[in-house]
Amino acid sequence: MTKPVISTHGLRVSYGDREVLHGIDFEVRHGETVVILGGSGSGKSTLLRALVGLEQPSGGEVVVNNTDLARCTAKQLDAIRKKIGLSFQGGALLGSMTVGENIALPLLEHSDLAPSTIEVMVRIKLEQVGLSGFEHFSPSQLSGGMKKRAAIARALAMDPEILFFDEPSAGLDPIMAAGIDELILNLKKAYSMSIVVVTHELASAFLIADRMILIDHGSIMAMGSPNEIRQSSQARVRQFLDRVADSTADDDVDHLRMFTEGI
Amino acid sequence: MSPTESIRARTSPVVAALAGVGAGTEQVLAYLGGLAELVGRSMASLVVSPLKRGRSLQRAVHQATLAGVRAIPIITLITFFVGVIIALQGAYGLRRLGAMQLVAGLVAISITRELGPLVAAIVVIGRSGSSFAAEIGAMRVTEELDALKTMALDPVAFLVTPKLAAMIVMMPCLVMWSDLMGVMGGALFGVTGGGFTPGGYFIATCEALAVRDVTTGLVKSMVFGIVVTAVGCYEGFSTGAGAESVGRSTTSAVVVSILLVVLIDLAFTFLFYSARPGL
Ligand SMILES: Nc1ncnc2c1ncn2[C@@H]1O[C@H](COP(=O)(O)OP(=O)(O)OP(=O)(O)O)[C@@H](O)[C@H]1O
Ligand SMILES: [Mg+2]
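Residues numbered from 1 in each chain as written. Chains lettered and ligands numbered in written order. Predicted model: local features only at pLDDT ≥ 70, side-chain atom pairs only at ≥ 80, totals over all residues. Heavy atoms only, no water.

Caption draft 1: Representation of the overall build of chain A. The number of helices and strands found in chain A is 10 helices and 10 strands. In terms of C-alpha radius of gyration, chain A reaches 20 Å, essentially the compact-globule figure of 18 Å for 263 residues. Dimensions of chain A along its principal axes, counting C-alpha atoms only, are 65 × 45 × 40 Å. Here chain A holds 263 residues, and 51% of them are scored as buried. Considering only intrachain contacts with a sequence separation of at least 6, the fraction spanning at least 24 residues in chain A is 63%. Summed over all atoms, the accessible surface of chain A reaches about 12,700 Å², with 52% contributed by carbon and sulfur. (Helix = DSSP H or I, 4+ residues; strand = E, 2+ residues; numbered from the N terminus. Rg over C-alpha atoms; globule rule 2.2 N^0.38 Å. Buried < 20%, exposed > 50% of the residue type's maximum accessible area, 1.4 Å probe, protein only. Contact = heavy atoms within 4.5 Å. Areas by Shrake-Rupley, 256 points an atom, 1.4 Å probe, with all protein chains shown as cover.)

Dropping the structure here:
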């Protein structure tokens with residue numbers, strides 16, 4: 001078995017007094033695609049942010065490439081970050097630059113490639129996400145789905161070893177979403193990148209995942225290969241996979257209490 | 001219950017009031033410490049590798065255009081009128097003493113020492129300090145700052161350093177211009193209503209001014225530039241989540257900057273006064 005590129009041990013993250021992740025243990029091995037599933041607000045984006053050192057753990061640790069993110073120097077952290085790409089849920093493109101400049105930025109800052117080479121690379125990355133010809137647009141001129149794809153292109157710019165996607169295909173039409181799935185599969189096959197994807201799309205999750213992690217209210221509810229997950233008999237996992245709404249009628253008293261609590 | 005609250009609950013109003021003052025002082029010191037750290041960090045990244053120097057310079061020049069060059073029309077207008085006002089006010093008193101010829105010196109000294117730098121600073125606060133806070137605050141809300149970090153780019157080096165460099169260079173330039181315009185405003189009154197010839201007004205101004213008057217204004221203005229940039233950017237970085245907190249940071253950037261600029265001005269003026277009480 002290959003060595004893990006990312007591992008977390010008892011990872012806890014809090015916003016203020018409120019703990020959002022309650023002890024997460026998992027690892028991502030080299031060349032593996034891990035899909036993180038979970039309800040809205042269950043802490044998936046928070047987990048991704050902790051994996052790249054944007055959130056300080058309130059407990060436990062995150063180890064990337066054998067470096068503990070909370071205990072390394074700023075230089076070490078930067079060295080790690082040059083080898084990762086993260087596409088944010090909301091895109092997070094720099095509004096003061098064009099799409100092309102956004103994608104060129106990490107290349108300009110961290111490599112000594114000639115401007116003409118960078119220009120070609122920008123076009124290639126944009127082509128990969130189906131945005132050819134949009135390099136001179138400003139992010140505000142793009143639709144939500146286009147922003148997302150431009151953000152993916154920027155995450156790919158440095159040909160990273162580890163890629164993080166936060167809901168890459170949410171808000172995309174089915175054809176585009178399939179294109180993103182294909183892109184992820186290609187990246188894995190051609191460059192053996194380690195990839196972590198947060199998604200809500202079950203079909204896409206089962207297609208691209210080597211391993212799946214289901215998060216519920218800040219804890220790991222289930223983890224395993226797509227087959228193991230598909231055959232899981234855990235009630236909450238089945239509910240998620242079979243798309244069953246939270247039943248509201250099962251306990252009327254509890255339900256009533258929820259609304260009247262604290263009054 | 002926070003420590004101060006519990007102290008308040010248990011003790012006399014006097015002690016509680018003192019605790020309040022203590023907590024307030026602590027907050028002010030923490031804020032000033034934050035400003036100093038920000039300035040220190042962005043100064044440190046002024047010294048960059050040759051590879052990056054070109055692009056940092058480009059960004060600084062861009063900022064200098066936004067914050068400096070574009071402020072010239074409004075500064076021209078305001079300081080020119082301030083010059084006229086000072087001349088009018090001065091003439092009102094000096095005429096009765098029969099000392100109309102002193103108007104030129106009065107305008108020159110009050111503009112170069114005080115009003116030129118102050119007016120320029122306030123215009124720059126309104127135009128640039130507020131926009132620094134809004135820009136960085138909005139970037140925080142949209143996770144653009146986080147995106148910079150994940151690309152291994154330091155938001156301070158990327159955003160603050162060019163602004164700081166631009167302001168340190170542009171503020172003195174703006175103040176020189178604003179001094180000149182203020183004197184022109186004074187001259188307008190001097191020539192049309194004060195009985196000066198244009199040449200006479202010019203000579204009277206030069207005679208009244210010492211080089212020190214201008215240089216102290218320029219030194220002050222450099223400090224103003226640093227403070228305005230630091231407060232604007234600091235407020236931007238400490239923006240919370242959501243659009244309304246961007247608005248709040250913008251407001252406090254302006255208010256805090258004006259307060260600090262006036263306090264620093266006071267300190268400088270006091271210093272010059274005590275250093276040479278005779279002047
Ligand atoms: N900046 C923040 N400050 C305070 N609380 C936050 C912040 N960001 C997220 N949270 C809280 O943390 C919890 C997890 O949020 P997170 O964004 O990780 O959810 P998510 O699983 O990504 O949801 P979604 O699928 O809707 O994107 C939420 O309950 C949210 O209220
Ligand atoms: Mg999310």
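Caption draft 2: Local environment of the pattern of salt bridges. In total, this model carries 21 salt bridges over all chains according to the counting rule given. The salt bridge partner of R49 of chain A is E143 of chain B, with a shortest N-O separation of 3.0 Å. Of this pair, R49 of chain A sits in helix α1 (residues 44–51) while E143 of chain B sits in the loop between α5 (103–141) and α6 (144–150), on two different chains. Between E119 of chain A and R123 of chain A there is a salt bridge whose closest N-O contact spans 3.1 Å. (Salt bridge = Lys/Arg side-chain N within 4 Å of Asp/Glu carboxyl O.)

Caption draft 3: Summary view of the site of ligand 1. All names here are of chain A. The immediate surroundings of ligand 1 are formed by 14 residues, with R18, S40, K44, S45 and T46 found nearest. Note that an oxygen atom of ligand 1 is positioned 2.5 Å from one of the side-chain N or O atoms of T46. One of the side-chain nitrogen or oxygen atoms of E167 is found 3.2 Å away from an oxygen atom of ligand 1. Across the complex, the protein chains shield 64% of the 630 Å² of accessible surface that ligand 1 would expose by itself. (Near = heavy atom within 4 Å. Polar contact = N/O pair within 3.5 Å; in protein donor to acceptor, adjacent residues only side chain to side chain.)

Caption draft 4: Representation of the environment of G83 of chain B. Residue and element names in this part refer to chain B. Note that G83 resides in helix α4 (residues 72–97). For the pair G83 and G182, spaced 99 residues apart in sequence, the C-alpha separation works out to 4.2 Å. The residues contacting G83, other than those within four sequence positions of it, are V107, I111, G182, G185 and G186.

Caption draft 5: Here's a closer look at the confidence of the model for chain B. All names here are of chain B. Summarising the model, chain B shows a mean pLDDT of 89, and 92% of its residues fall at 70 or more. Mean pLDDT per element in chain B: helix α1 (residues 3–10) is the minimum at 55, and α6 is the maximum at 95. Note on the complex model: pTM 0.88, ipTM 0.89. (pLDDT = per-residue confidence, 0-100.)

Caption draft 6: Geometry of the pairing of strand β4 (residues 59–64) of chain A. All names here are of chain A. Relative to β4, strand β1 (residues 4–15) runs antiparallel, the two being bridged by 5 bridges. Pairing of S7 across the sheet is with V63, part of β4. Sheet topology note: the β4/strand β5 (residues 67–68) ladder contains 2 bridges and is antiparallel. In the sheet register, V63 faces β5, and the bridge partner there is D68. The hairpin formed by β4 and β5 contains 2 residues between the paired strands, and N65 there has a positive phi angle of roughly 50 degrees. (Pairing = 2+ DSSP bridges.)

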